[in-house]
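Observations on chain architecture
Okay, here's what each chain looks like letter by letter:
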Amino acid sequence: NMKSDAEATLSPAELTALQYRLNPPEAVPRVEDKALFARLCARNGISTPPVIAELRRSSDRHWTVRDWAETLAREAPETFVVRPASGPRAEGVRVLRRAEGDGGWGDLARALADGPWPDLVVQPLPAPHPALDAGGGGGGVLATLRIGTLRDEGRPGRVLWAGLRLPTGRDPVEAYRAGGAGLRARVRRDGTLDRGVGVAPSGFGLRWVDAHPVSGAAIAGTPRELAVRAARAVAPLRTVGWDVAPTADGPMVLEGNAWWAPLQDPAGGSVPVRDALRQAVARL
């Protein structure tokens, strides 16, 4: 049943304040610095898109554009992601195809250099799992799992909450966004999905979506275990929101977020996340 707004809604300000208490500021780059995060994952055997090129800005714009154009022409795969080298919530993510750059790498490099981000990383775009190809026909639109973990001092990490985000459009950047207009459903502990939830047609509020395209699909086991292993790899961070994509090559961690929130749940199923974080802070 739908709960009242007061029962079902979490305060973003309180969640952030609790996470600030739990996550040492000096450890936040372990997830927010994308190149460092990729190296940590590789060192710990955690599947994540590799950083195949780093675009570092110099004080000479002309040199920057030329260097970035040469790097992209040499290193970029057929379909790739360019994103800020640091920062939360996947701001500034661009998904590009190599065909678009043929003969025009200089134009792309200039457009990137004119952006607000000082440094960028280039990663391949994972292919979606055939059963969860949100765009249809292999369009590259990834469904993602948001998995929140909590690591108490001296104890192994545990999953606080897991939910599936299934984009309904064909925007490949949607998988990297915290919000968006796709469908979402909480993942039960047995791996099956709860009822789907979507934004109401008016754009305000939520509604149940009974015709969820993957209602009841089992995605248990490996993605949750992957998030718990990733939580160990980025210690001393204690609570992280992981975006895990079920890809054609198995589950893959797209990124970790030191400041995170579970997906909206009109049944109040995400409220225990707040309570668990409160208890963890009380134990500090």
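Refer to the structure presented above.
Not measured: the values here are computed from a predicted model.

**Examining the sheet that holds strand β2 (residues 79–84)**
Strand order in the open sheet made by the four strands is β1-β4-β2-β3, with antiparallel pairing throughout. Looking at which strands have only one partner, the edges of the open sheet turn out to be β1 (53–56) and β3 (94–97). The mean angle between the axes of side-by-side strands here comes to 25°, regardless of whether they run parallel or antiparallel. With five bridges connecting them, β2 and strand β4 (residues 119–124) associate as antiparallel partners. Residue pairing for β4: R83 is matched across the bridge by V121. Packed on one face of the sheet, helix α5 (residues 61–75) meets β1, β2 and β4 and runs near 170° to β1. Running over the sheet, helix α7 (residues 105–113) touches β1, β2, β3 and β4 and is turned about 175° from β3.

**Examining α7**
Within α7 the residues assigned to the buried category are W105, L108, A109, L112 and A113. Each buried residue of α7 sits inside an arc of 135° when the element is viewed along its axis, so together they form one side.

**Description of the packing of helix α2 (residues 12–22) against helix α9 (residues 271–282)**
One way to put it is that α2 packs onto α9 with a least axis distance of 10 Å and a crossing angle of 35°. Considering only the axes of α2 and α9, their crossing is left-handed. Mapping the contact onto sequence places E14, L15, L18, Q19, R21 and L22 in α2 and R274, L277, R278, A280 and V281 in α9.

**A few points about the packing of aromatic side chains**
Tallied over the full model, the rule gives three aromatic pairs. Arranged with centres 4.1 Å apart and planes meeting at 25°, the rings of Y20 and W259 form a pair that is stacked. You can see Y20 sitting in helix α2 and its partner W259 sitting in the loop between β11 (250–257) and α9, a full 239 residues away along the chain.

Each value, and the rule that gives it
Residues numbered from 1 in each chain as written. Predicted model: local features only at pLDDT ≥ 70, side-chain atom pairs only at ≥ 80, totals over all residues. Heavy atoms only, no water. Pairing = 2+ DSSP bridges. Helix = DSSP H or I, 4+ residues; strand = E, 2+ residues; numbered from the N terminus. Axes fitted to C-alpha atoms, helices over the stretch in contact; angles between N-to-C directions. Contact = heavy atoms within 4.5 Å. Buried < 20%, exposed > 50% of the residue type's maximum accessible area, 1.4 Å probe, protein only. Arc of directions from axis to C-beta. Left-handed = near helix turned anticlockwise from the far one by under 90°. Phe/Tyr/Trp six-rings, centres within 6.5 Å; stacked < 30°, edge-to-face > 60°.

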